[in-house]
Structure formats: C-alpha cells, structure tokens
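# Residue-level structure breakdown
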Amino acid sequence: MAPSRHADEGGQLQLIEPDRVEEEEECFESIDKLISQGINAGDVKKLQDAGIYTCNGLMMHTKKSLTGIKGLSEAKVDKICEAAEKLLSQGFMTGSDLLIKISYFCLMKMQLPIHMHGGNGKVAYIDTEGTFRPERIVPIAERFGMDANAVLDNIIYARAYTYEHQYNLLLGLAAKMAEEPFRLLIVDSVIALFRVDFSGRGELAERQQKLAQMLSRLTKIAEEFNVAVYITNQVIADPGGGMFITDPKKPAGGHVLAHAATIRLMLRKGKGEQRVCKIFDAPNLPEGEAVFQVTQGGIMDAKD
C-alpha cells in the first residue's frame, strides 16, 4: 500500500508509513467482542437481530432506541454501552490524528479501482428505479485494463421497491460490511421511492421525516464502516422560479436532502452527446463546470 500524508509540527505534509495507515483498515469493533466484556451472548444476538453489528454502530444509537429492542432493559443497555465504550476510543482527538484518518479515507477511495480488480474492497449498489446495467461496466473495465468479471464479482446489487424495503436493505448491508470490507455504497436514486410512497402536501412532513432517517442511516454507515456513499437525486419543476430563469428546475428532497450531502453535483444535457457536470455545493471547491460525454468506453472528456 502506498503511504499517505499528514502534517508535521512545522505544517509540512509528511508521509505516513504504510503500517500506520493499515492500522486504520479495521476501523470498527465487532459487536461480538462485547461478550469478552461480560455481556450475555443472547443480548448480543438481540442487537444483531436489530441490525447492530459493530460497537461503533451501537454508539450511534440512543439508549431510548436500544431499550426499544425486545428483551433489553435500561440496566442491560447501560451495561452494554459501558462495555462498548471500553472497546472504543470515543473521545476527542487532535487535528493531526483527524488528518491521518481523513488522509487514509481519501487514499483508500483513490485505490478503489485496485480494490474492485479483485482487491480488498467491494461496492454495494441499491437500485430503486431498475436502471442498473452490469453490461455497461465491461467496456469501462477494459478501458482501465481491469478484468470485467473481477470487477463485477466485487459489486453486490439489490433492487428496492418501497422506501421501507430500501431502509431494510441498509440494515442487512451493515451485516455484510461487518464481515468483509467495502469501499463504496451507491443508492440510485435515494428520493424516487419516497416520491411514490408519499403523495401530496398532506404527507410531505412524514415523507421528509422518513427521508431524514434514511439519510441519517447512510451517514452512520459511512462513518461506521469508513465507506464513501454516493446517492443520486431527481429534479422537480420550480413554478416559482420566474419567467426569466432559463432552466426552472430544482433538486427534489428539499433542505433535508441538501444538508445531508457533503458535495452536490448537478448534471444536465449539453450539445449532442455531451453532458455538463456543475459543482452545485461543496465545502472545499469553488463553483465550476466540466463537459464530458458518455461513450461505449465509459465517461470521456468532451475534448477527447
């Protein structure tokens, strides 16, 4: 593994030794380790049945939600949380240590093609619209000199049909991520089923609340298992945009979805086969656009 970088006391970026980077590889503690802390195996099984497979994931739940699990009293929950805290380092960390974790995270994502080429990292794809086409991956893999079968073997796919089904797939996915490493989770699209299962303004508040819970679950998966999460959205007409706006469309999902995303990109059709990608919102990038085109060999620069 190539070394990553961190800042020394003088503010200069220094390489992190590979063995230190690898310490971040196993970033979570299995919930089974609670047994060594005196927690009953039956209670651990109850946590797993509720979709909790790591101590990190356990600490992302409130005690109120944990006591809602059948068979877990407040006393048991207090003991379980205390045991999990002993296994984890949940306190503050220095900015340097945080930078190390971020450097590692970025390094592993840059190595995603290597992992997909039979390495130690998989991709989970949740499809809500039936648009996933595995045959599209073959020419892309060949373009980058990768074995298409190896790439496809490192992708797990599931089709969701309701927003509840979509959420339950995430709970089951946590079990898989606790057993083997994943690098990327794709949800395409995160909003589609909510727009079908909830209709009208009368159900809008409930829809947004359920959407917020879904997005919160995705955020926790990203932090618990150190994976990148890529979600697609849809656009809706904006009647209040005014007659002087040439493209009166806005992202669906409202502020709930907007605040959950770190980087937001807007895609639109350009001339001919060209597509335009605009940085809609990002914490560390200025607004800008890039023109590309989708070909049999994958996504190409429009200038090529």
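The structure displayed is predicted, hence computed values, not measured ones.

### Topic: the sheet that holds strand β6 (residues 228–231)
- Strand order in the open sheet made by the 4 strands is β4-β3-β5-β6, with parallel pairing throughout. Each edge of the sheet is formed by a strand with only one pairing partner; in this case those strands are β4 (155–159) and β6. Sheet twist, expressed as the average angle between the axes of neighbouring strands with direction ignored, equals 15°.
- Here strand β5 (residues 182–188) runs beside β6; their pairing, made up of 4 bridges, is parallel. The residue of β6 that forms the bridge with V187 is I231.
- Helix α10 (residues 163–179) contacts β3 (122–127), β4 and β5 of the sheet and is inclined by roughly 175° relative to β5.

### A word on the pattern of salt bridges
- Within the structure shown, the criterion is met by 6 salt bridges.
- For the salt bridge of D43 with K76, the shortest nitrogen-to-oxygen distance reads 3.4 Å. Placement of D43 in helix α2 (residues 41–49) and of K76 in helix α5 (residues 74–87) is noted, with a sequence separation of 33 residues between them.
- Looking at K76, the relative accessible area reads 34%, which means it is partly exposed.
- A salt bridge links E289 to R268; the nearest nitrogen and oxygen atoms lie 3.2 Å apart. Pair noted here: E289 is in strand β11 (residues 289–295) and R268 is in strand β9 (residues 264–269), with a separation of 21 residues, a long-range link.
- According to the relative accessible area criterion, E289 is partly exposed, its value standing at 48%.

### Some remarks on the layout of surface pockets
- The volume enclosed by the second largest pocket comes to roughly 340 Å³.
- Around the second largest pocket, the lining comprises 15 residues; the ones closest to its centre are L204, R207, I236, G253 and G254.
- Listing elements by their share of the lining of the second largest pocket, those giving two or more residues are α12 (204–225) and β8 (249–251).
- Ranked by residues supplied to the lining of the second largest pocket, first place goes to α12 with 3 residues.
- Considered class by class, the residues forming the lining of the second largest pocket number 5 nonpolar, 5 polar and 5 charged.

### Here we look at the nonpolar core
- Formed by 25 residues in total, the largest nonpolar core has its most connected members in L170, M177, L185, V190, F194, L218 and I221.
- Those elements that provide at least two residues to this core are β3, α10, β5, α11 (192–197) and α12.
- Here this core takes 6 residues from α12, the largest share from any one element.
- With sequence-adjacent residues up to four places away left out, I221 is seen in contact with L170, M177, L185, N226 and V227.
- Among the nonpolar cores identified, the runner-up in size contains 17 residues, and I52, I69, A83 and L88 belong to it.

### Details of the packing of aromatic side chains
- All told, the structure shown has 6 aromatic pairs when counted by the stated rule.
- Considering the side-chain rings of Y163 and F194, the 5.4 Å spacing of their centres and the 40° angle between planes classify their relative orientation as tilted. Within this pair, whereas Y163 is found in helix α10, its partner F194 is found in helix α11, the two being separated by 31 residues in sequence.
- Ring geometry for F194 versus F198: centroids 6.4 Å apart, planes at 10°, classification stacked.
- Overall, F194 belongs to the buried group, its relative accessible area being 0%.

### Looking at the side chain of Q166
- Tracing the sequence through the fold places Q166 in helix α10.
- Residues within four places of Q166 in sequence aside, it is in contact with I126, T128, A160, V187, S189, V190, L193, F194 and M214.

### Structural notes on the pairing of β9
- In this structure, β9 lies alongside strand β10 (residues 274–281), joined through 6 bridges in antiparallel fashion. By the bridge assignment, R264 is partnered in β10 with D281.

### Quick word on α5
- The end-to-end C-alpha separation of α5 is 20 Å, in line with the 20 Å expected for 14 residues at 1.5 Å each.
- Buried residues of α5: V77, I80, C81, A83 and A84, and no others. When α5 is viewed along its axis, its buried side chains cluster within an angular range of 160° and face the same direction. Exposed side of α5, more than 90 degrees from the buried face: A75 and K86 are the residues found there.
- Elements that come into contact with the buried residues of α5 comprise α2, α3 (55–58) and α4 (63–67).

### Regarding the confidence of the model for the protein chain
- In the predicted model, the protein chain carries a mean pLDDT of 78, and the fraction of residues at 70 or more is 75%.
- Under a pLDDT of 50 for its full length, residues 1–26 has, in the predicted model, 48 contacts with residues more than four places off or in other chains.
- Note that pLDDT drops below 50 for residues 107–119; the model gives that stretch 35 contacts with residues more than four away or on any other chain.

### Some details on the environment of C55
- Locating C55 in the fold gives a position in helix α3.
- You can call C55 buried: its relative accessible area is 0%.
- Once the C-alpha coordinates of C55 and E85 are considered, the two residues, 30 residues apart in sequence, prove to be 8.1 Å apart.
- Setting aside its immediate chain neighbours within four residues, C55 contacts E29, S30, I31, L34, A84, L87 and L88.

Calculation rules
- Residues numbered from 1 in each chain as written.
- Predicted model: local features only at pLDDT ≥ 70, side-chain atom pairs only at ≥ 80, totals over all residues.
- Heavy atoms only, no water.
- Pairing = 2+ DSSP bridges.
- Helix = DSSP H or I, 4+ residues; strand = E, 2+ residues; numbered from the N terminus.
- Axes fitted to C-alpha atoms, helices over the stretch in contact; angles between N-to-C directions.
- Contact = heavy atoms within 4.5 Å.
- Salt bridge = Lys/Arg side-chain N within 4 Å of Asp/Glu carboxyl O.
- Buried < 20%, exposed > 50% of the residue type's maximum accessible area, 1.4 Å probe, protein only.
- 1 Å grid on protein atoms, 1.4 Å probe; cavity = no way out; pocket = protein on both sides within 12 Å on 5 of 7 lines; lining within 4 Å.
- Points joined across faces, edges and corners; volume = space filled by probe spheres on them.
- Nonpolar A, V, L, I, M, F, W, Y, C, P; charged D, E, K, R; others polar.
- Core = buried A, V, L, I, M, F, W, Y, C linked by side-chain atoms within 4.5 Å.
- Phe/Tyr/Trp six-rings, centres within 6.5 Å; stacked < 30°, edge-to-face > 60°.
- Expected span 1.5 Å × (residues − 1).
- Arc of directions from axis to C-beta.
- pLDDT = per-residue confidence, 0-100.

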